[in-house]
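# Understanding the architecture of this molecule
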Amino acid sequence: MINEDNEYKIFIQIVSLMIPGDPLKGVPDAGSIMVDSHFRATPEYESLLLNRELEKLLEAFKIPIDSPDINFDAKSLFDLANEYKHAWRSWAKAVGEPLIIRYYSHPRVLVSLGIDPSPPAHQGRVMAPLDSKLLEPVMRRKPFFRKVTSD
Amino acid sequence: MTKTAVIVGAGPAGAAVAWQLTRTGYKVICLEQGDYSDVSGFPAGSVDWELKKLKEFNVSPNTRKLPADYPIDDSESPIAVANFNGVGGSMVLYSAHFPRFHPSDFKTKSLDGVGEDWPFSYEDLIEYFDLNDAIMGVSGLEGDPAYPPLKNLMPPVPLGKLGVTIAKGFNKLGWHWWPAYSAIITKSRPNRLACNNCGPCNTGCVRKSKSSPENTYWPEAISAGAELRVNSRVSRIFHDENGLVSGVTYFDSEGKTQNLNADVVILAANGIGTPRILLNSESASYPNGLANSSDQVGRNLMFHPYGYVDGVFDEIIDSFEGPQGCVLLSQEFYETDQSRDFDRGYTLQVLRGGGPVETALAGINRGLIPWGDGHLDAFVKRFRYTANMVVITEDLPDPENRVTLHESLTDQHGIPAPKIHYAMGGNTKRMMAHGLNRAREVMVAAGAEKTSAFGPVRYAGWHLMGTARMGADPTKSVVNGWGQSHDIPNLFIADSSIFPTSGGVNPAPTQQAVALRVGEGVVRYLQGVES
């Protein structure tokens, strides 16, 4: 019998290593964002469970999913990923999109990366108008579109 | 009694025809399978805008699967169809890049021995181009040596740091570039705010700065008397015993079948939807579908295969700041050059980067952003330091590239889905290779440390042309130069399915100019009938 709490713990551990964050710059890792956004309660996580994505990965890694002491670090995880490329690719394909969407739309991540998290249309941007000097070389050219007799 | 014109489709072409016809006093009814968009619900007004862009505002109808959408089997095509079904059509989600076709685009057969000549010239279309620009609202800059003179443009959208960087690269090579022609207003108009450079135009514009039929043509046409029936999907066009079309059958908003009589029918359902309806309207008199005695309905599908190039710079270039699709374009390689190994040419269009989610997903999928150590650094590099450019290649007509009706797949009303049969031709492949290499040269000249390229881009099948082409010869074309069916004089087609060739630029302004001209053709026809 799979312990779902344990499975979720392993899931969080792995995604935290996939996007590790940067504590010095205050950028959170993906695990904390998935917890923060209640990913466990989403249809996307349910779909991962239904498709046994984590089980299949751990099976490939030859690690029993109910083992209480699974504790990956970056080196051990990516060494295994390198060794079992096919299984890792399947896992990353299944997890990648929901992970990226949650992570890169989370206000805490955006702010830590210097990106304004408010709706784009509300912010707008002040941008410099065209400096026509830049166009001078082009403006010096004669018209070069192809003339057509009837025109 | 007032004659009734029924228009199928409320996108760029249908709106222009409706506007044209309402000025002459004819009764106009437009049937649109989608609905009005709630402007306040466009993604750019929400914090989760990128999620919406991936789902209900996805460019693929096969992903959106909204009630207004019908499935399209593009599984055997390297390019997937991109569209939007609703009032405004695909312009609701377009990037508003708005360059015109060139004079040579109308005479490719005469000039280069490829494609087909159009039954009219660039010069014949100028008045419609200008009228369309005035109604829509277009920004850009006059004096472009790549074009005949243009006028009445609003100030161009800003280049931004990204645009300035790339422009310097073009200058270094001595190649043409010009600020983008954009269907974006940079000065406010009644009920429309000037662009605030927020970025994601291609998810719908909350401020109505992006010029689109629902905020330009339609308000005027409706106030002049046009009736627009939304959530109304046309399945067939029916005809009388003389072979003239006499109306359309459609499913109304409750899914009930309705027949609507018409004196003239104008199709404006795009390069996929229009042949679908014609082919689905077969009868004993027209066993191969309506207007299809030439067997050209559905054939000659042209897409504009896109090549994609990016360059990573060593300084921040604010990749994501400004209107996403409108920075600058180059037409250095637009016209045929006998020294190259392909006919015709292409446009280089500089794009701004996507949002954080789009950037990260693309980076992961292309293997440019790793998982684990280095992930964040690679993301930041792609988000802030990367410039993008696309190669818009001219696609030549090929009768084997076509739309047919699917044998088993249908929409929710049981109407057969379209199936796409498409392969890139050798000329287009050589052109794309040339364009990708030139675009990389620009990136390097502009200072890029690294470049990468690929093509064709799969989800870029926006430009749907050629599937009911116009021409003077009824054995080789579906409609004449006024969009009028050779077979059935009271059946017209106004969308880009009638383009004989594709040009090498985005077709939107040319499509609308042609639609205004078709509108005039409809008026002439109706006046002729009356007299």
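The notes below deal with the structure included here. (Residues numbered from 1 in each chain as written. Chains lettered and ligands numbered in written order. Predicted model: local features only at pLDDT ≥ 70, side-chain atom pairs only at ≥ 80, totals over all residues. Heavy atoms only, no water.)

## Here's the deal with the overall build of chain B
Selection rule: Helix and strand labels come from DSSP, where a helix needs a run of H or I of at least four residues and a strand needs a run of E of at least two; each type is numbered from the N terminus. It is over C-alpha atoms that the radius of gyration is taken, and the globule rule equals 2.2 Å times the number of residues to the power 0.38. Between buried and exposed lies partly exposed: a residue is buried under 20% and exposed over 50% of the maximum accessible area for its type, with that area taken using a 1.4 Å probe on protein chains only. Two residues qualify as a contact provided that any one of their heavy atoms is within 4.5 Å of a heavy atom in the partner residue. Computed by Shrake-Rupley with a 1.4 Å probe, the accessible areas treat only the displayed protein chains as cover when residues are assessed. Charge counting follows a simple rule: Lys and Arg are positive, Asp and Glu are negative, and His as well as the terminal groups are ignored. The location of each charge is read from NZ of Lys, CZ of Arg, CG of Asp or CD of Glu.
Check the secondary structure of chain B and you find twelve helices and 16 strands. Since a compact globule built from 531 residues should have a radius of gyration of about 24 Å, the 22 Å found for chain B is in line with a globular shape. Within the span of chain B, comprising 531 residues, buried residues form 67% of the whole. Once local pairs closer than 6 in sequence are excluded, the contacts in chain B between residues at least 24 apart make up 73%. About 17300 Å² of surface is accessible on chain B, with carbon and sulfur atoms providing 49% of the total. The averaged location of the 57 negative side-chain charges in chain B is 3 Å from the averaged location of its 46 positive side-chain charges.

## Remarks on the pattern of salt bridges
Put simply, the rule reads: Any Lys or Arg side-chain nitrogen found within 4 Å of a carboxyl oxygen on Asp or Glu counts as a salt bridge.
The full count for this structure, using the stated rule, is 34 salt bridges over all chains. For the salt bridge of B:Arg344 with B:Asp112, the shortest nitrogen-to-oxygen distance reads 2.8 Å. In this pair, B:Arg344 is assigned in the loop between β10 (328-330) and β11 (346-351) and B:Asp112 in helix α4 (residues 108-112), connecting sequence segments 232 residues apart. Residues joined in a network through salt bridges with shared partners are A:Arg146, B:Asp105, B:Asp112, B:Arg344 and B:Glu394.

## Topic: the interface of chain A and chain B
Our working definition: Buried area, as used here, totals the accessible surface that two parts lose on assembly, with accessibility defined by a 1.4 Å probe and the loss added over both.
With 49 residues of chain A at the contact, the number on the chain B side is 64 residues. Of the roughly 4500 Å² buried between chain A and chain B on both sides combined, carbon and sulfur atoms contribute 69%. When the buried surface of chain A facing chain B is broken down by residue, A:Arg125, A:Met127 and A:Arg146 rank first, second and third, together holding 17% of it. The interface formed by chain A and chain B contains three salt bridges. Among the ionic pairs, B:Asp112 bridges to A:Arg146, the shortest N-O distance being 2.8 Å. Looking at the side of chain A that touches chain B, the elements with two or more residues in it are α1 (4-18), α6 (85-104), α8 (120-123) and α9 (136-139) of chain A.

## Structural notes on helix α1 (residues 12-22) of chain B
All names here are of chain B. With eleven of eleven residues buried, α1 lies mostly within the body of the structure. Among all positions of α1, only Pro-12, Ala-13, Gly-14, Ala-15, Ala-16, Val-17, Ala-18, Trp-19, Gln-20, Leu-21 and Thr-22 are buried. On the buried face of α1, the contacting elements are β1 (4-8), β2 (27-31), α5 (122-136), α7 (217-223), β8 (264-267) and α12 (508-530).

## Describing the sheet that holds strand β16 (residues 491-493) of chain B
All names here are of chain B. Heads up, the rule is: Here, any two strands with at least 2 DSSP bridges between them count as paired. Only C-alpha atoms enter the line fits that serve as axes; for helices the fit covers just the stretch in contact. Angles between N-to-C directions range over 0 to 180 degrees.
As summarised here, the arrangement of the five strands in space is β4-β2-β1-β8-β16, forming an open sheet in which the pairing is parallel. If you trace the sheet from one side to the other, it starts and ends with β4 (227-229) and β16, each paired once. Adjacent strand axes in the sheet meet at a mean angle of 20 degrees when their direction is disregarded. Both β1 and β8 contribute to a ladder of four bridges, which runs parallel. Considered in β8, the bridge of Ile-7 is made with Ile-266. Docked against the sheet, α1 engages β1, β2 and β8, running at close to 165 degrees with respect to β1. Most of the contacts of α12 go to β16, to which it runs at about 165 degrees, and overall it touches β8 and β16.

## With respect to α12(B)
Stated precisely, the cut-off is as follows: What a helix is expected to span follows from its residue count: subtract one and scale by 1.5 Å.
Here α12(B) is 23 residues long and its end C-alpha atoms lie 33 Å apart, about the 33 Å a rise of 1.5 Å per residue gives. Where burial is concerned, most of α12(B) is hidden: 17 out of the 23 residues are buried.

## Observations regarding the nonpolar core
In plain terms, the rule: We call a set of buried residues a nonpolar core when its members are Ala, Val, Leu, Ile, Met, Phe, Trp, Tyr or Cys and they connect through side-chain atoms within 4.5 Å of each other.
Counting 141 residues, the largest nonpolar core has B:Ile166, B:Phe170, B:Trp218, B:Ile237, B:Val248, B:Ile266 and B:Leu491 as the members making the most contacts within it. Examining the composition of this core, we find that ten residues originate from one element, α12(B), more than from any other. Counting 52 residues, the second-largest nonpolar core is a separate cluster that includes A:Leu17, A:Met18, A:Trp88 and A:Ile101.

## Quick word on the environment of B:Glu520
Residues and elements named next belong to chain B. The condition that has to hold: A 3.5 Å cut-off defines polar contacts: any pair of N or O atoms within that distance qualifies, except that in protein one atom must be a possible hydrogen donor and the other a possible acceptor, and neighbouring residues in sequence count only when both atoms are side-chain atoms.
You can see Glu-520 is positioned in helix α12. For Glu-520, a relative accessible area of 24% translates into the label partly exposed. Those residues in contact with Glu-520, other than ones at most four positions away along the chain, are Gln-20, Tyr-128 and Trp-482. A distance of 2.7 Å separates a polar atom in the side chain of Glu-520 from a polar atom in the side chain of Tyr-128.

## Brief notes about the sheet that holds strand β15 (residues 450-454) of chain B
All names here are of chain B. Taken in spatial order, the six strands of this open sheet run β3-β10-β11-β12-β9-β15, and their pairing is antiparallel. Where the open sheet ends on each side, the last strands, each with one partner, are β3 (178-179) and β15. In terms of strand pairing, β3 meets β10 through two bridges, oriented antiparallel. Bridging across to β10, Trp-178 finds its partner in Leu-329.

## Remarks on the side chain of B:Asp411
Residue and element names in this part refer to chain B. Inspection of the secondary structure puts Asp-411 in the loop between β13 (402-410) and β14 (416-421). On the basis of relative accessibility, which here comes to 5%, the residue Asp-411 falls in the buried class. For Asp-411, the side chain forms a polar contact with the side chain of Arg-276, separated by 2.9 Å.

## Here we look at the pairing of β11(B)
Residue and element names in this part refer to chain B. Across the six residues that make up β11, a large majority, six, are buried. In the sheet, β11 pairs with strand β12 (residues 386-393) via six bridges, with the strands oriented antiparallel. The partner of Thr-347 across the bridge, within β12, is Ile-392.

## Re the pairing of β2(B)
All names here are of chain B. Stated precisely, the cut-off is as follows: Look down the strands so they point away from you; if the path from the first strand over the helix to the second goes clockwise, the crossover is right-handed.
Of all five residues making up β2, four are buried, and the element is well covered by its neighbours. You can see the chain leave β1, run along α1 and come back into β2, and the turn it takes is right-handed. In this structure, β2 lies alongside β4, joined through three bridges in parallel fashion. What sits directly across from Leu-31, in β4, is Arg-229.

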